[in-house]
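This is what each chain is made of:
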Amino acid sequence: MNFNILKEIFPKLSVEQEEKFLAFYKLLIEENKKYNLTTITDEEDVLIKHFYDSIYPFKNMDLNGKFVCDVGSGGGFPLIPLAIIFPQMQGAAIDSNHKKIHFINLVCKNLKLHNIKTYLGRAETLAHGELRESFDLVTARAFAPTNIELELLSPLIKVSGLLITLKSKVNEAQIKDENRISKILNLKVVNVLNFHLPNEAGERRVVTYLKMRENAKKYPRDFSIIKKKPL
């Protein structure tokens, strides 16, 4: 695996970190034979479309010491690559799929990543419990349309914390939703990053929101209501 691509973002990438990325890749491929974790399996594609894609949006941040939540973690992206890059970060992976939570736990055990906790459940339920407004940063990768995503994720963020959404293609309607819905949920768009993956592997759009005030207690609503009447 050619880690020079990752070193373009994090020049201080250590041999130990490279070994963890390689071990993660091998586990991903092996477990993917048992159940669907990803359609991307080629080594270079995983390096670019999963590893690079997961960490590039955070290249100018230091997440060490931060409490970071990844909603809809799936195969562990972006949380596991971030946990490798920032070993002092405290991470939480939320997913409603038991097999995917099992996979993340397996990776953490094999890679000795002691900085990740997993939560089997739905964001709209967990956001009304102990995890409500508890994270410094919440992120999600290709999780849901903007008008659903923001309502599900924003109640998990501390006031003055950040929400960072990672998407590929975004239409004009979603861009309008970023500003309209963020106001309802006490969020403020503070940065928009558009970038291309190496080797013409695709375009990405990353939006960073700052949480200005607490959310109204009714948010997030039940998912059936969110689907019928999105913000």
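Preceding block: the structure.
Since the model is a prediction, treat every value here as computed from it, not as a measurement.

## Quick look at the packing of helix H2 (residues 15-32) against helix H3 (residues 43-55)
Helix-helix packing is characterised by the crossing angle of the two axes and by the distance between the axes.
Argument step 1. The N-to-C vectors of H2 and H3 enclose an angle of 110°; their axes lie 11 Å apart at closest approach. As far as their axial angle goes, H3 and H2 are roughly perpendicular. Of H3, the residues touching H2 (which contributes Phe 21, Phe 24, Tyr 25 and Leu 28) are Glu 43, Val 46, His 50 and Phe 51.
Argument step 2. Taken together, the residues of the contact of H2 with H3 sort by class into six nonpolar, one polar and one charged.

## What to know about the packing of aromatic side chains
Argument step 1. The tally for this structure, following the rule as stated, stands at ten aromatic pairs.
Argument step 2. With centroids separated by 5.8 Å and ring planes inclined at 85°, the aromatic side chains of Phe 10 and Phe 86 adopt a geometry described as edge-to-face. In this pair, Phe 10 sits in the loop between helix H1 (4-7) and H2 while Phe 86 sits in the loop between helix H4 (79-85) and strand S2 (90-95), placing the two residues 76 residues apart along the sequence.
Argument step 3. Since its relative accessible area comes to 4%, Phe 86 is described here as buried.
Argument step 4. Plain terms: the ring middles of Phe 51 and Phe 77 are 6.3 Å apart, the flat faces sit at 45° to each other, and that makes the pair tilted. Linking Phe 51 in helix H3 with Phe 77 in the loop between strand S1 (67-71) and H4, this pair joins segments that are 26 residues apart in sequence. Assigned by exposure class, Phe 51 and Phe 77 land together as buried.
Argument step 5. Site record: aromatic cluster; members linked through ring pairs are Phe 3, Phe 21, Phe 24, Phe 51, Phe 77 and Phe 103.
Argument step 6. In this structure, Arg 122 packs its charged tip against the face of Phe 223, placed 4.8 Å from the ring centre.

## Observations regarding the sheet that holds strand S5 (residues 157-167)
Argument step 1. The sheet built from seven strands is open, its strands ordered S3-S2-S1-S4-S5-S7-S6 with mixed pairing. Here the strands that pair on one side only, and so sit at the sheet edges, are strand S3 (116-120) and strand S6 (187-196). Ignoring which end each strand starts from, the neighbouring axes of this sheet average 20° apart.
Argument step 2. Pairing of S1 with S2, which is carried by five bridges, proceeds in the parallel orientation. Bridge pairing links Asp 70 to Ala 93 in S2.

## Describing the pairing of S5
Argument step 1. Across six bridges, strand S4 (residues 135-141) lies against S5 in parallel orientation. Across the sheet, Thr 139 pairs through a bridge with Ile 164, a residue of S5.
Argument step 2. Read from S4 through helix H7 (residues 146-153) to S5, the crossover connection turns out right-handed.
Argument step 3. For S5 and strand S7 (residues 203-211), the ladder comprises six bridges, and the chain directions are antiparallel. The residue bridging Thr 165 from the neighbouring strand is Val 207, located in S7.

Criteria and cut-off values
- Within each chain, residues carry numbers counting from 1 in the order of the written sequence.
- Residue-level local features of this predicted model are given only where pLDDT is at least 70; pairs of side-chain atoms are given and counted only at 80 or more, and the full residue set underlies all totals for whole chains, interfaces and linings.
- To get the side-chain values, all heavy atoms of the structure are used, and hydrogens and water are removed first.
- For helices, the fitted line uses only the C-alpha atoms of the stretch in contact; every axis is such a line through C-alpha atoms, and the angle between N-to-C directions lies from 0 to 180 degrees.
- Each helix is a run of DSSP H or I of at least 4 residues and each strand a run of E of at least 2, with the numbering of both proceeding from the N terminus.
- We call two directions roughly parallel when the angle between them is under 35 degrees, roughly antiparallel when it is over 145, roughly perpendicular when it lies between 65 and 115, and oblique otherwise.
- Contacts: residue pairs with any heavy atoms within 4.5 Å of one another.
- For this classification, the nonpolar set comprises Ala, Val, Leu, Ile, Met, Phe, Trp, Tyr, Cys and Pro, the charged set comprises Asp, Glu, Lys and Arg, and every other residue, Gly included, is treated as polar.
- Pairing of aromatic rings covers Phe, Tyr and Trp, the last counted by its six-membered ring, and requires centre-to-centre distances within 6.5 Å; plane angles under 30 degrees mean stacked, over 60 mean edge-to-face, and any other angle means tilted.
- Using a 1.4 Å probe on the protein chains alone, a residue whose accessible area is under 20% of its type maximum counts as buried, one over 50% counts as exposed, and one in between counts as partly exposed.
- Any Lys NZ or Arg CZ that is within 6 Å of a ring centre and within 35 degrees of that ring's normal is treated as a charge sitting over the ring.
- We treat two strands as partners when DSSP finds at least two bridges between them.
- Note on handedness: a clockwise path from strand one over the helix to strand two, with the strands aimed away from the viewer, defines a right-handed crossover.

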